[in-house]
Amino acid sequence: MKIGLVMSGGAVHGVAHLGALKALTELQIPLHAISGVSSGAIAGAFFAAGYTPEEIYKLATELPYWQLAKPAFNKRGLIRLDKLEKEFSKYLGNKTFEDLNLPLFICATDLRQGTTVYFSSGNLITPLLASNTVPLLSPPVEYQNHLLVDGGLLNNLPVECLLNITDFRIALHVNPMNTQAELKTFRSILERTCHLAINNNVHPRLSLCNLIIEPPALKYFSLTDLKNARFMFEAGYEHTISLADKLVALKNS
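Residues numbered from 1 in each chain as written. Predicted model: local features only at pLDDT ≥ 70, side-chain atom pairs only at ≥ 80, totals over all residues. Heavy atoms only, no water.

K.L.:
Looking at this model, I keep getting lost on the UniProt feature "active site" (unreviewed entry) in the protein. Mind explaining?
P.N.:
UniProt's feature table lists "active site" (unreviewed entry) at S38 and D150, given in the numbering used throughout. A maximum C-alpha distance of 6.2 Å places the annotated residues, which cover 113 residues in sequence, within one compact spot. A relative accessible area of 10% means that S38 is categorised as buried. S38 has contacts with G9, S131, N132 and D150, leaving out every residue within four places of it along the chain. Here D150 is to be found in strand β8 (residues 146–150). Other than its neighbours up to four places away in sequence, D150 contacts V37, S38, T109, A130, S131, T133 and P135. (UniProt positions renumbered as here; feature names shortened; annotations may be inferred. Buried < 20%, exposed > 50% of the residue type's maximum accessible area, 1.4 Å probe, protein only. Contact = heavy atoms within 4.5 Å. Helix = DSSP H or I, 4+ residues; strand = E, 2+ residues; numbered from the N terminus.)

K.L.:
I tried to follow the environment of P204 on my own but got confused; where do I start?
P.N.:
Within the secondary structure layout, P204 lies in helix α8 (residues 203–206). Taking relative accessible area as the criterion, P204 reaches 53% and is therefore assigned exposed. In this structure the C-alpha to C-alpha distance between P204 and H239, which are 35 residues apart in sequence, comes to 23 Å.

K.L.:
Before we go on, may I ask you to explain a nonpolar patch on the surface in this structure?
P.N.:
A cluster of nonpolar side chains, contributed by L111, L153 and L154, occupies part of the molecular surface with about 240 Å² of accessible area. Relative to the helices and strands, L153 is located in the loop between β8 and β9 (168–172). Since its relative accessible area comes to 45%, L153 is described here as partly exposed. (Patch = residues over 30% accessible without salt bridge, like charges linked within 9 Å, V, L, I, M, F, W, Y side chains within 5 Å. Areas by Shrake-Rupley, 256 points an atom, 1.4 Å probe, with all protein chains shown as cover. Salt bridge = Lys/Arg side-chain N within 4 Å of Asp/Glu carboxyl O.)

K.L.:
How should I be thinking about the side chain of H13 in this particular structure?
P.N.:
Relative to the elements of secondary structure, H13 occurs in the loop between β1 (3–7) and α1 (15–26). Here F221 takes part through its backbone oxygen, which lies 2.8 Å from a polar atom of the side chain of H13. Not counting the four nearest positions on each side in its chain, H13 is found in contact with V174, N175, L218, F221, S222, L223 and M232. (Polar contact = N/O pair within 3.5 Å; in protein donor to acceptor, adjacent residues only side chain to side chain.)

K.L.:
Sorry if this is basic, but what is going on with the side chain of D110 here?
P.N.:
Its place among the elements puts D110 in strand β5 (residues 104–110). In terms of polar contacts, D110 uses its side chain to reach the backbone amide nitrogen of Q113, at 3.3 Å. When residues no more than four places from it in sequence are discounted, the contact partners of D110 are T115, V117, N145, H146, L147 and L148.

Structure, rendered in structure tokens:
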């Protein structure tokens, strides 16, 4: 049984991926390949590079995000990601996809062609950076004749790349909708608008997955709520552990 894991984007909600990965590791679920986008790509890249979920959580939550912002001074975006690129290189070095412990696919969006692009070989850092480049906020990444931004723009659950190489696919989706939320501020309305747009491209892909892990507690946290990151980590862990019977049965099948 070849098991594939696909991890959605979700900004700070992405720390729930780490909790889920911790649970999958404890349950000794063998993974054949990982696909990720945005924060899911970060979790996947560091995990495939050999970092434990707790180590990745520590690196992610101790990162001084406010210091990473650098004015772009150009017409393509407001903030450059040079310092974020240096942070990736600090911990991943010159690793390529081929250096990782298991196959990894990183999803990005090509603005010129209006298509989803997958990267799974060669340079690791640039596709990882591209997959986390928010349109308008940061300038697109020029790479291999593509003009790249966050893959979640078109595909926030990049499962297609796993279809022909896996027998069973687990989706880690970290963006449950809180239909009871009070939308009274500009920020809450903007976040909900983005949430709806992104989730719209997720639903058709859920049918391509055999097991969906979507921690319901995440719906109570903002996508930028870094102060509650530990709660999100635990939500990912606890929800995945609650599915232990199904996961262990899968492992034994």
